[in-house]
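Structural characterization, general
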Amino acid sequence: MEYISTRGGAGTVDFERTLFSGFASDGGLFMPKRIPSLDRDTLWKWSSLSYPELVKELCSLFITADLVPRSTLSDLIDSAFSRFRHKDVVHLSRLKDGLNVLELWHGVTYAFKDLSLSCTGQFLQYFLEKRQKHVTVVVGTSGDTGSSAIESVRGQKNMDIFVLLPKGLCTQIQELQMTTVIEDNIHIFAAHGNSDEIDVPIKELFTDVDFARKYNLMSLNSVNWSRIMVQIAHHFYAYFQCAPSLNTTPLPVVEIVVPTGGGGNITAGCIAQKMGLPIRLVAVVNSNDIIHRTVQHGDFSLSESVKPTLASAMDIQEPYNVERILWLLSGSDSRLIKTLMEQFSASKSLKLPEDLHRKLSETLRSCSASDEDIMRAMRRCWEENHYPLCPHSAVTAHYHYSHPDSMPRCCLAPASAVKFQDAVLRAGLVPQVPPEITALTAMETRSTPLQRGQDWAQVLKARIEAAAQRWETQSGWLGSPGQREITRQGVTQA
């Protein structure tokens, strides 16, 4: 299995190189050169698998056995899910009026990103121990990515992680789950800007090829292919849980409703669909509706500003994974994608070509949910089921309540309501908060402010250089500067 950039200018790389990369050197995103196609017999065999077993089967299609032996891959995935609170890791709640909620939030931080990041952390540790390497992880977060990424690498001596969060735009619990982790390899930056603004210095670091190579930069945002790969399992598991029978011809279609911000989960769904899974996909956004406008009208253009909403982790204007979806639908036309993305980068406005828009609207349905829609769905779900929804899960419930259909349907729930007490209160409900969440408010915190007017990229570079020097000192590496650089760079070296 080889990987290439959506923009065609980064050559071919293997899974290990993809894992340790962020954006490709040409500014694109890595994707498999070939998407595996699954036949009916394979789907039938997989239909009885547990969620962890599905992840193993899917990952084995994208990670060759010469890189990670199958038995080792299985052990890594078992270790990744060992801290999850639910015995099944992922759980489906069947509620009234056909509302099926797939709970993806039983990990340490109560968010779906624990699923992909716990696996990614295990993959990283495997290669780093094997190669005796150090990496610098750089992450921008709109809410849950940061805490999940931190938990996946905390305390690791051969990884330093730099997390940028938008100060005041995460919930208090989301922020505390990051700033209360006091470890030498954890570096938190509270930026006075929104989620899109913190992506700018991160992309600047990765496109500085010499700097990225020298300090072995990588990302754990859904820029990283490993996260998308694991998330493909959500869609297979949802399908097998909700399909009425696999004995019919053709196989039944299940509609999967996906809360959508940066677009990683919906991209995973598009790949699952491409692999042969008979699903109909719905992307549901909040008032930051660029994906909805793109699906409906081919209008991939920024609004004047990001609108703060109850579903704060979805307050994103530039959903970078749309590039992966367009690449898939264009027939892997890297030249077209490069042209379109460069146009968007220059003008922040793009009208999709008619043929590409047609393919997108055939692949995805879309819907936008206002804060009032979110609160109404939270209240109705509680009144009918005594089941608390987080505001991000509530966008999918809003779609379900407002678009009745006889087709089997599964709504993905990315986070637990315990993380969003303010939204629960605004909906007129009473928050249910476990003790481990309450305890965060009494813990020590640590973060570095990033003020407007500062050169955020330069601040990050200075801190990254200092962390790398500390690792070299602590690891006792006494080689020449040239040898030290080879040690940082040689990620795929045997």
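Conventions used here
Residues numbered from 1 in each chain as written. Predicted model: local features only at pLDDT ≥ 70, side-chain atom pairs only at ≥ 80, totals over all residues. Heavy atoms only, no water. Phe/Tyr/Trp six-rings, centres within 6.5 Å; stacked < 30°, edge-to-face > 60°. Helix = DSSP H or I, 4+ residues; strand = E, 2+ residues; numbered from the N terminus. Buried < 20%, exposed > 50% of the residue type's maximum accessible area, 1.4 Å probe, protein only. Lys NZ or Arg CZ within 6 Å of the ring centre and 35° of its normal. Contact = heavy atoms within 4.5 Å. Pairing = 2+ DSSP bridges. Axes fitted to C-alpha atoms, helices over the stretch in contact; angles between N-to-C directions.

**Focus on the packing of aromatic side chains**
Enumeration over the complete set of coordinates arrives at 16 aromatic pairs. Centroid distance Tyr3 to Phe15: 6.5 Å. Interplanar angle 55°. Geometry classified as tilted. Of this pair, Tyr3 sits in strand S1 (residues 3–5) while Phe15 sits in helix H1 (residues 15–19); the two residues are 12 residues apart in sequence, bridging distant segments of the chain. Between Phe62 and Trp225, the aromatic rings sit 5.4 Å apart at their centres with planes inclined by 65°, giving edge-to-face as the arrangement. Here Phe62, found in helix H3 (residues 51–62), pairs with Trp225, found in helix H10 (residues 225–242); they are 163 residues apart in sequence, far enough to count as distant. Each member of the pair, Phe62 together with Trp225, is buried. Members of the aromatic cluster, connected to one another through ring pairs, are Tyr3, Phe15, Phe62, Phe123 and Trp225. The positively charged end of Lys203 is found above the aromatic ring belonging to Phe23, 4.5 Å away from the centroid.

**Details of the environment of Ala467**
You can see Ala467 is positioned in helix H20 (residues 456–474). Separated by 283 residues in the primary sequence, Ala467 and Asp184 have C-alpha atoms spaced 9.2 Å apart. Not counting residues within four places of it along the chain, the set of residues in contact with Ala467 comprises Asp160, Phe162 and His187.

**Considering the pairing of strand S7 (residues 159–166)**
Along S7, 8 of the 8 residues are buried, which leaves the element largely enclosed by surrounding structure. Residue alternation in S7 divides its side chains into two sets, Met159, Ile161, Val163 and Leu165 and Asp160, Phe162, Leu164 and Pro166, and both sets are buried. Alignment of strand S6 (residues 135–140) against S7, held across 6 bridges, turns out to be parallel. Following the sheet pairing, Gly140 is matched in S7 by Leu164. The pairing of S7 with strand S8 (residues 186–191) spans 6 bridges and is classified as parallel. Across the sheet, residue Ile161 finds its bridge partner in S8, namely Ile186.

**Some words on the sheet that holds strand S9 (residues 217–219)**
With respect to topology, 5 strands assemble into an open sheet ordered S9-S6-S7-S8-S16, the strand pairing being parallel. Looking along the sheet, the strands with just one partner apiece sit at the ends: S9 and strand S16 (448–450). Put simply, the sheet's adjacent strands are angled 25° from each other on average, direction ignored. Strand direction decides the pairing type here: S6 and S9, joined by 3 bridges, are parallel. When the sheet's bridge partners are listed, Val137 is paired in S9 with Met218. Running at roughly 165° to S7, helix H6 (residues 145–153) makes contact with S6, S7 and S8 of the sheet. Lying on the sheet, helix H7 (residues 172–179) is in contact with S7 and S8; it crosses S7 at an angle near 155°.

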